[in-house]
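What follows is each chain in one-letter form.
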Amino acid sequence: MHDLKWIRENPAAFDAGLARRGLPPAAEEVAALDQRRRSLITESQELQRRRNDASREIGTAKSRGEDASAAIEEVAAIKRRLQEIEAEERDAVAAVDARLAEIPNLPGPDVPDGPDETANRLLRTVGEPASPDGAAEHFDIGEALGQMDFGAAAKMSGARFVVLSGPLARLERALGQFMLDLHTSEHGYREMAPPLLVRDTALFGTGQLPKFAEDQFRTTNDYWLIPTAEVPLTNLVAGEIVGSDRLPLRFTALTQCFRAEAGAAGRDTRGMIRQHQFTKVEMVSIVEPDRSDEELERMTACAETVLKRLGLPFRVMMLSTGDMGFSARKTHDIEVWLPGQNRYREISSCSNCGDFQARRMNARMRNKGEKGTAFVHTLNGSGVAVGRALVAVLENYQQPDGSVVVPDVLRPYMGGIERIEAEG
């Protein structure tokens with residue numbers, strides 16, 4: 001959500017920010033909607049003053065035995081108009097809020113301009129990507145092992161689901177546990193176990209509603225399945241005033257995630273890259289306004305550490321204005337190398353949302369000894385997507401005989417298993 005006062009005072013800057021996202025200007029439209037609301041407030045205040053004056057005139061006239069019918073009729077008319085204004089003001093406020101709710105966050109000044117991912121900026125590359133001849137994709141590896149079954153999942157649930165079994169199921173669990181242990185023991189995040197079902201207000205607060213309702217799964221009794229643990233973790237501070245001495249707040253969670261829109265039609269239809277249900281470790285930070293830029297660097301480094309410990313090559317990209325998410329003002333994507341595809345694929349996205357989400361959920365902070373409050377800044381990042389990490393391990397650790405070597409850091413979680421081989 002955007003600050004109406006700032007838009008009124010900086011219309012050119014607001015429209016320039018939208019233009020960088022490839023969107024038409026909106027400051028004039030928003031200001032006009034807001035002016036309607038403000039004019040109704042002004043009219044209401046003026047009518048209330050006149051009603052008070054007229055009421056006094058009625059009292060004076062009656063005390064003098066004079067005719068007060070005109071003033072009485074005026075007060076009745078004012079009362080009727082005030083009732084009308086109250087309804088019109090509600091509609092005007094709703095119109096302003098609805099328009100603002102559709103407008104994405106403005107990009108930060110150092111975000112590269114561009115229409116899509118082709119304008120993303122490479123920040124760094126870590127590790128040496130290898131593409132050995134005959135490198136298989138993860139679904140061929142998993143199916144050959146007899147531990148990845150898309151057909152069984154399709155019978156129950158349709159496309160974009162999978163059943164993992166045996167050592168591969170354990171490997172997915174091991175990845176999630178490893179990530180949680182790393183973030184809680186070394187990176188200072190507090191492990192949380194949040195609900196997977198949330199109400200409209202939670203998804204509105206983080207920016208998935210109203211614009212992206214069709215991308216979500218909704219129950220018949222008005223709950224939503226979370227698309228990411230960002231939603232419940234960020235909403236832990238919704239409607240709260242947090243003391244600055246408690247900041248930063250850093251949360252992490254391993255959850256199932258659900259997305260009705262799993263990518264463009266015909267894209268990644270095979271395999272685990274885009275699924276309706278997937279597992280992810282999420283990181284969320286709630287910080288003071290002047291600390292969010294450095295927190296983004298810190299969060300990105302935490303996600304990178306996961307891939308470094310797993311021995312997976314990756315690169316870090318700064319997303320362009322045309323490729324960023326709705327709520328983000330700056331985003332770093334981490335892309336892991338997949339030999340089977342001979343390309344990098346996103347495995348983590350870390351975003352600084354500034355005060356955009358905080359305004360939508362009214363999350364504020366107060367410095368000790370001060371009366372005033374300020375909106376906190378919120379950040380979120382994958383730490384990382386567990387299913388895609390499984391994909392990356394399978395493709396990067398595949399062996400010529402079809403087996404998969406288990407990365408060293410995961411072996412304690414695998415009961416000492418060093419290699420996954422075909423069963424029976």
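Everything below is about the structure shown above.
Thresholds applied
- Chains are numbered independently. Their residues run from 1 in the order of the written sequence.
- Given that the model is predicted, a residue must reach a pLDDT of at least 70 before its local features are reported, and side-chain atom pairs must reach 80 or more before they are shown or counted; all residues, however, enter totals for whole chains, interfaces and linings.
- With hydrogens and water set aside, each side-chain value is computed from the structure's full complement of heavy atoms.
- The helix count covers DSSP runs of H or I at least four residues long, the strand count covers runs of E at least two residues long, and both are numbered beginning at the N terminus.
- Computation of the radius of gyration draws on C-alpha atoms, with the globule rule given as 2.2 Å multiplied by the number of residues to the power 0.38.
- Whether a residue is buried, partly exposed or exposed follows from its accessible area with a 1.4 Å probe, protein chains only, as a fraction of its type maximum: under 20%, in between, or over 50%, in that order.
- It only takes one pair of heavy atoms within 4.5 Å for two residues to be counted as in contact.
- Note on areas: Shrake-Rupley with a 1.4 Å probe; residue coverage comes only from the protein chains shown.
- Charged residues are defined narrowly, with Lys and Arg counted positive, Asp and Glu counted negative, and His plus the chain ends left uncounted.
- Think of each charge as sitting on NZ of Lys, CZ of Arg, CG of Asp or CD of Glu.
- By definition here, a salt bridge exists when the distance from a side-chain nitrogen of Lys or Arg to a carboxyl oxygen of Asp or Glu is within 4 Å.
- Whether two strands pair comes down to DSSP finding at least two bridges between them.
- A helix is expected to span 1.5 Å for every residue after the first.
- Note on method: axes are straight lines fitted to C-alpha atoms, helices fitted across the in-contact stretch only, with angles between N-to-C directions ranging 0 to 180 degrees.
- In this scheme, a crossing is called left-handed if the near helix is turned counterclockwise away from the far one by less than a right angle; it is called right-handed if the turn is clockwise.
- All residues other than Ala, Val, Leu, Ile, Met, Phe, Trp, Tyr, Cys, Pro, Asp, Glu, Lys and Arg, Gly among them, are scored as polar; the first ten of these are nonpolar and the last four charged.

(A) Molecular detail of the overall build of the chain. The helix and strand inventory of the chain stands at 12 helices and 18 strands. Here the C-alpha atoms of the chain give a radius of gyration of 28 Å, more than 25% beyond the 22 Å that 2.2 N^0.38 yields for 424 residues. Dimensions of the chain, computed from C-alpha atoms along their principal axes, come out at roughly 110 × 45 × 40 Å. Counting every position in the chain, which comprises 424 residues, the buried fraction comes to 47%. Nonlocal contacts in the chain, meaning residues at least 24 apart in sequence, comprise 72% of its contacts between residues at least 6 apart. Looking at the chain as shown, the accessible area adds up to about 20,100 Å², and 47% of this sits on carbon and sulfur atoms. The averaged location of the 64 negative side-chain charges in the chain is 4 Å from the averaged location of its 53 positive side-chain charges.

(B) Unusual backbone geometry, seen in detail. The linkage connecting Leu247 with the following residue, Pro248, adopts the cis geometry, with an omega of 0°. Within the secondary structure, Pro248 is located in the loop between strand E8 (241-243) and strand E9 (249-258). Going from Gly383 to Val384, the amide bond is cis rather than trans, its omega being 10°. Checked against the element boundaries, Val384 lands in strand E16 (residues 377-385). We note that Asn342 has phi near 55°; this positive angle belongs to a residue other than glycine.

(C) Representation of the pattern of salt bridges within the structure. Inspection of the entire model under this criterion finds 29 salt bridges. For the salt bridge of Glu102 with Arg99, the shortest nitrogen-to-oxygen distance reads 3.4 Å. For the salt bridge of Glu294 with Arg291, the shortest nitrogen-to-oxygen distance reads 3.0 Å. When its relative accessible area of 44% is taken as the criterion, Glu294 is described as partly exposed. Residue class for Arg291 comes out partly exposed when judged on its relative accessible area of 39%. Several salt bridges share partner residues, and in doing so they unite Arg36, Glu43, Arg81, Glu84 and Glu88 into one network.

(D) Fine view of the sheet that holds strand E7 (residues 224-225). Taken together, 3 strands build an open sheet; the order of strands is E5-E7-E6 and the sheet is antiparallel. The open sheet has two edge strands, strand E5 (197-198) and strand E6 (217-218), and neither has a second partner.

(E) The arrangement of the pairing of E16 in detail. Of all the 9 residues making up E16, 9 are buried; the element is thus mostly covered by neighbouring parts of the structure. Alignment of strand E10 (residues 277-287) against E16, held across 7 bridges, turns out to be antiparallel. The partner of Met283 across the bridge, within E16, is Gly381. Pairing analysis gives 3 bridges linking strand E13 (residues 343-352) to E16, with the strands arranged antiparallel. Opposite Ser351, over in E16, you have Asn380 as the bridge partner.

(F) Seen up close, helix H3 (residues 27-63). Under the 1.5 Å per step criterion, the end-to-end length of H3 is 54 Å for 37 residues, consistent within 8% with the ideal 54 Å. Of all the residues in H3, the buried ones are Ala27, Val30, Asp34, Arg37, Leu40, Ser44, Leu47, Ala54, Ile58 and Ala61. Looking at the buried positions of H3, the neighbouring elements they touch are helix H1 (4-9), helix H2 (11-20) and helix H4 (69-101). Gly65, located one to two residues past H3, shows a positive phi value of around 75°.

(G) Up close: the environment of Val405. Looking at where Val405 falls in the secondary structure, it is placed in strand E17 (residues 404-405). For the pair Val405 and Met179, spaced 226 residues apart in sequence, the C-alpha separation works out to 19 Å. The residues touching Val405, leaving out its near neighbours within four places in the chain, are Tyr397, Gln399, Arg411, Glu418 and Arg419.

(H) Geometry of the sheet that holds E16. Taken in spatial order, the 8 strands of this open sheet run E1-E11-E12-E13-E16-E10-E9-E4, and their pairing is mixed. Two strands in the sheet have a free side with no partner beyond their single neighbour: strand E1 (121-126) and strand E4 (190-191). Direction of pairing for E9 relative to E10: antiparallel, over a ladder of 10 bridges. Each bridged residue has a counterpart across the sheet, and for Phe251 the counterpart in E10 is Val284. Across the sheet, helix H10 (residues 292-310) lies against E1, E9, E10, strand E11 (314-318), strand E12 (330-338), E13 and E16, angled at about 10° from E16, the strand it touches most. In the packing of helix H12 (residues 386-396) onto the sheet, contacts are made with E9, E10, E12, E13 and E16, and the angle to E16 comes to roughly 35°.

(I) Focus on the packing of helix H7 (residues 166-185) against H12. Following both chains from N to C, one finds H7 and H12 inclined at 115°, their axes separated by 9 Å at the closest point. Here H7 runs over H12; the crossing is right-handed. Touching Leu168, Leu171, Glu172, Leu175, Gly176 and Met179 of H7 are Val386, Gly387, Ala389, Leu390, Val393 and Leu394, all from H12. Class assignment of the residues belonging to the contact of H7 with H12 gives a composition of 9 nonpolar, 2 polar and 1 charged.

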